[in-house]
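# Observations on chain architecture
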Amino acid sequence: MDRLAHLFERNRAWAERIKENDPEFFARLSRQQSPEYLWIGCSDSRVPANQIVDLQPGEVFVHRNIANIVVHTDLNCLSVVQFAVEVLRVKHIIICGHYGCGGIKAALEDQEHGLIDNWLRHVKDVIRFNREAFDGLGHAQKLDLLCELNVREQVTNICNTTIVREAWKQGQALSVHGWIYDVANGILKDLHAELPPGAPRAGG
Ligand code: CO
């Protein structure tokens, strides 16, 4: 069995490099984490949360799944959000999608992929909610648009969780952001998808 020794070597070299610059770095972090940001992004290996915003360990609390979806009943995601908002008291929740997302592409096409199709139903719902926006577009444009609309939908979903609603009711300073990342050039874009705190939500 391959014990992946090269990854342990890389790990030791990485830890050494950090300690060279800041000998107390790990000792300090081991005492507590106090990230200001909760990142909800895609599992795609090209979209690593910390690296693309150039943040250190300890600075961003992360939840990733295929196509960065916030499902109303997903206990995994909701538990992350609750811990981040109520215990860590993050100031910002970032929903970050990305162009060229394989999950979004699969949702747009009619091929069957087995179990994951159940997860991607949530993205197919986004198509259904915005049917007319896709009229007359080519496949590539539809794909880009769906990546963006999916972020907007998930921003609405997170704003409608009991956790975020309660935080806003309590007057907690918490912003929600909808961003999209371009894997082709490494650049992030703000979709300005956020809703003002306490604003009425669509359907909610
Ligand atoms: Co993706």
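Residues numbered from 1 in each chain as written. Predicted model: local features only at pLDDT ≥ 70, side-chain atom pairs only at ≥ 80, totals over all residues. Heavy atoms only, no water.

This brings us to the domain arrangement of the protein. Domain boundaries in the protein define domain 1 (1–31) and domain 2 (33–190). Distance from the C-alpha centre of domain 1 to the C-alpha centre of domain 2: 30 Å. Of the residues lining the interface, four residues belong to domain 1; the matching set on domain 2 comes to four residues. Together, the buried faces of domain 1 and domain 2 total about 290 Å²; carbon and sulfur atoms form 73% of this surface. At the boundary of domain 1 with domain 2, the tally comes to zero salt bridges. When contributions to the side of domain 1 that touches domain 2 are tallied by element, the ones reaching two or more residues are α1 (5–21) and α2 (25–31). (Domains from an automatic or database assignment. Contact = heavy atoms within 4.5 Å. Buried area = accessible area lost by both parts, 1.4 Å probe. Salt bridge = Lys/Arg side-chain N within 4 Å of Asp/Glu carboxyl O. Helix = DSSP H or I, 4+ residues; strand = E, 2+ residues; numbered from the N terminus.)

With that out of the way, let us pick up the environment of G102. Secondary-structure assignment places G102 in helix α5 (residues 102–108). C-alpha separation for the pair G102 and R31, spaced 71 residues apart in sequence, amounts to 38 Å.

In this structure, C42 (SG), H98 (NE2) and C101 (SG) serve as the protein donors to the cobalt ion, at separations of 2.0 to 2.3 Å. Mapping the donors of the cobalt ion onto the primary sequence gives the spacing C-x55-H-x2-C. The exposure class assigned to H98 is buried, which follows from its relative accessible area of 2%. (Donors = N, O, S within 2.8 Å, 3.2 Å for Na, K, Ca; no water. Buried < 20%, exposed > 50% of the residue type's maximum accessible area, 1.4 Å probe, protein only.)

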